[in-house]
Amino acid sequence: MKLTIIHSLVLIAIITFLSIITYNYVKAVFIENERKNLVKKFIHRRGRMWMGLYENIVIEISPDGSYKVLRDPYNLEEYKEGIVRKGDEYFLIIREGNLLLGKEITPVMISLRNLKAFLILISLVGVAGSMFVGFGMSNIFLKPLRKILSDLKKILPEDLSIRLPYSKSRDELYFLVSRINEMLDRIERAYRAQERFVSDVSHELRTPVTTLLGYIKMLKRWGKENERVLKESLDAMENTAEDMKDLIESLLLMTKPDVNIPVEKVDLEKFVQSLVNKWKKRYSREIRLKVIKNEIVKTNPEYLEIMLNALVVNAIKYSEGPVDLVIDNRRVSVIDRGPGIPEGKQEEIFQRFRRLSREKGGHGIGLSIVKELAERLNIEVKLKSKIGEGSEFILNFRREG
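Residues numbered from 1 in each chain as written. Predicted model: local features only at pLDDT ≥ 70, side-chain atom pairs only at ≥ 80, totals over all residues. Heavy atoms only, no water.

Undergrad: How would you summarise the nonpolar core if you had to cite specific residues and measurements?
TA: Among the nonpolar cores identified, the biggest contains 37 residues, and Trp-279, Ile-287, Met-307, Leu-308, Leu-325, Val-334 and Leu-395 are the most heavily contacted of them. Mapped by element, the contributors of at least two residues to this core are helix 6 (268–282), helix 7 (301–317), strand 9 (323–328), strand 10 (331–336), helix 8 (366–376), strand 11 (379–386) and strand 12 (390–397). Considering every element that reaches this core, the biggest residue donor is helix 7, with nine residues. With 18 residues, the next largest nonpolar core counts Tyr-54, Tyr-90, Ile-94 and Leu-101 among its residues. (Core = buried A, V, L, I, M, F, W, Y, C linked by side-chain atoms within 4.5 Å. Buried < 20%, exposed > 50% of the residue type's maximum accessible area, 1.4 Å probe, protein only. Helix = DSSP H or I, 4+ residues; strand = E, 2+ residues; numbered from the N terminus.)

Okay, structure coming up:
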């Protein structure tokens, strides 16, 4: 409706402008022709004026500004250049030297008046016809859009499976519907993922909270008298609180916005060696570093430490032997000699709260953090694993540009 009104207003302005231009042009052409004819007649019939046979007006202008009527069969009594009206008659007065020449142009003015009326009528008919056609065409063309809006109103959070029907012809509406359906697919996947995430988080938090409450109740009953129960409960509560702290920090890290992440030059060998020294003190496991070819990369040291720490913790958790880190050009590999990961599970382990074995503990969130941080830092994460031969997680730093 709004577009039709705007279109009609624009059309009115255009038609009005063209009509005014047309009328003024035709009027100027007619008047110019009459002026030329008047001068031409006066030159050719000048001698007749003195015999009273010249039919037009001739006024002589004196140097002092007064004038003398030489010929005026119409008794105008008013002489000035331009178009003069007397009653229902119109006269054209022009100046030629020291003379004013005039003639009746009533038929011309009537024709111009009729032309003006005709142009006004045509404009009104054109505008009315345009509005009628515009409303009709807009109803035809906007009908599919109204159908799309009606279908969109049926899509509710309770049922995101509804999709818009495609048109038969592959026109602009077809591609519009296609893009909307693709967007709805992404929204549905994100909504379902959010539901699963909330469910998983609720489950992961409910378990340690239940454990804490259990030990608190046990402390109230026997903790004051039984030192062993007191120590066991406090240790368990401390471990549970530490797990909850790690989980909450991980969740906060995953929800942290990824815009304007600061990066700096990092010497991979020096950086990883410093981490290896920390891990050797923290974990009772042999951790070895091998450098084939060192490289300096641009990245965020804090995020890189979180990623490598998650990979090393994962390797320690799922293997018994030494853990190897290998630096080769722009790649850092974390290698363990654990049971390996089945091929069908290798993509799944990077999802949140997915664990191959619940016996090993943890929240199943470490590798998903590695994946998300790698995407933010433009790092490619690869996994090579075979059953019975262990796993190799590779961080490949892509070159900028």
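Undergrad: Lay out the sheet that holds strand 2 (residues 67–71) in plain terms, naming residues and giving numbers.
TA: Spatially, five strands are ordered 2-1-5-4-3 in an open sheet, and the strand pairing comes out antiparallel. Every other strand in the sheet has two partners, leaving strand 2 and strand 3 (82–86) as the edge strands with one partner each. Taken over all neighbouring pairs, the strand axes of this sheet differ in orientation by 25° on average, direction set aside. In the sheet, strand 1 (residues 57–61) pairs with strand 5 (residues 99–104) via four bridges, with the strands oriented antiparallel. Across the sheet, Ile-59 pairs through a bridge with Leu-100, a residue of strand 5. (Pairing = 2+ DSSP bridges. Axes fitted to C-alpha atoms, helices over the stretch in contact; angles between N-to-C directions.)

Undergrad: Explain the side chain of Ser-385 to me, and be specific about the residues and the numbers.
TA: Position of Ser-385 among the secondary structure elements: in strand 11. For Ser-385, the side chain forms a polar contact with the main-chain oxygen of Gly-390, separated by 3.2 Å. (Polar contact = N/O pair within 3.5 Å; in protein donor to acceptor, adjacent residues only side chain to side chain.)

Undergrad: Now, about the packing of aromatic side chains: what can you tell me, with residues and values included?
TA: Scanning the model with the defined rule gives two aromatic pairs in all. Ring plane angle 75° and centroid distance 5.4 Å describe the contact between Tyr-67 and Tyr-79, whose orientation is recorded as edge-to-face. Placement of Tyr-67 in strand 2 and of Tyr-79 in the loop between strand 2 and strand 3 is noted, with a sequence separation of twelve residues between them. Centroid distance Tyr-74 to Phe-91: 4.9 Å. Interplanar angle 55°. Geometry classified as tilted. With a gap of 17 residues between them, Tyr-74 in the loop between strand 2 and strand 3 and Phe-91 in strand 4 (residues 89–96) connect regions that are remote in the sequence. Take Tyr-74: its relative accessible area is 23%, and that puts it in the partly exposed class. (Phe/Tyr/Trp six-rings, centres within 6.5 Å; stacked < 30°, edge-to-face > 60°.)

Undergrad: Run through the sheet that holds strand 11, naming residues and quoting values.
TA: Ordered by their spatial adjacency, five strands build an open sheet running 7-9-10-12-11, and the pairing between neighbours is mixed. Every other strand in the sheet has two partners, leaving strand 7 (287–293) and strand 11 as the edge strands with one partner each. For this sheet the average axis-to-axis angle between neighbouring strands, irrespective of direction, equals 15°. Contacts from helix 6 reach strand 7, strand 9, strand 10 and strand 12 within the one sheet, and its direction differs from that of strand 7 by about 170°. Against the sheet, helix 7 makes contact with strand 7, strand 9, strand 10, strand 11 and strand 12, and its axis sits at roughly 170° relative to strand 12, the strand it touches most. (Contact = heavy atoms within 4.5 Å.)

Undergrad: An account of the pattern of salt bridges is needed here, citing residue identities and associated values.
TA: Pairing between side chains of opposite charge can happen when the charged atoms of each approach one another. Under the defined criterion, the tally for this structure stands at eleven salt bridges. A salt bridge links Glu-286 to Arg-288; its shortest N-O distance comes to 3.9 Å. The residue Asp-324 makes a salt bridge to Arg-288 at a minimum N-O spacing of 2.6 Å. Of this pair, Asp-324 sits in strand 9 while Arg-288 sits in strand 7, and the two are 36 residues apart along the sequence. Salt bridges sharing common partners tie together Glu-286, Arg-288, Asp-324 and Arg-337. (Salt bridge = Lys/Arg side-chain N within 4 Å of Asp/Glu carboxyl O.)

Undergrad: Go over unusual backbone geometry, please, and point to the residues and values.
TA: A positive phi angle, near 55°, is found at Asn-75, a position not held by glycine. With respect to the helices, strands and loops of the structure, Asn-75 is situated in the loop between strand 2 and strand 3. Even without being glycine, Asn-378 reaches a positive phi, approximately 60°. Mapped onto the elements of the fold, Asn-378 is located in the loop between helix 8 and strand 11. Its relative accessible area of 39% is what places Asn-378 among the partly exposed residues.

Undergrad: Which residues make up helix 6, and what are the values?
TA: Its 15 residues give helix 6 an end-to-end C-alpha distance of 21 Å, which sits within 8% of 21 Å, the value for a rise of 1.5 Å per residue. Along helix 6, the residues that are buried comprise Leu-268, Phe-271, Val-272, Leu-275, Val-276 and Trp-279. Angularly, the buried residues of helix 6 cover 135° about the axis, an arc narrow enough to put them on a single face. Facing away from the buried side of helix 6 by over 90 degrees, the exposed positions are Lys-270 and Lys-281. The N-cap of helix 6, judged by a side-chain oxygen 3.1 Å from the amide nitrogen of Glu-269 a few residues on, is Asp-267. (Expected span 1.5 Å × (residues − 1). Arc of directions from axis to C-beta.)

Undergrad: Could you give an account of the side chain of Asn-314, with specific residues and numbers?
TA: With respect to the helices, strands and loops of the structure, Asn-314 is situated in helix 7. Apart from residues no more than four positions distant in its own chain, Asn-314 is found in contact with Leu-367 and Phe-393.

Undergrad: I'd love a proper account of the packing of helix 6 against helix 7, names of residues and values included.
TA: At a closest axis distance of 11 Å, the pairing of helix 6 and helix 7 adopts a crossing angle of 45°. Classified by the angle their axes make, helix 6 and helix 7 are oblique. The hand of the helix 6/helix 7 crossing is right-handed. Contact residues: Leu-268, Phe-271, Val-272, Leu-275, Lys-278, Trp-279 and Arg-282 in helix 6; Pro-301, Leu-304, Glu-305, Leu-308, Asn-309 and Val-312 in helix 7. Among the residues making up the contact of helix 6 with helix 7, the classes are represented as nine nonpolar, one polar and three charged. (Parallel < 35°, antiparallel > 145°, perpendicular 65-115°, else oblique. Left-handed = near helix turned anticlockwise from the far one by under 90°. Nonpolar A, V, L, I, M, F, W, Y, C, P; charged D, E, K, R; others polar.)

The values are spatial; any link to function lies outside them.
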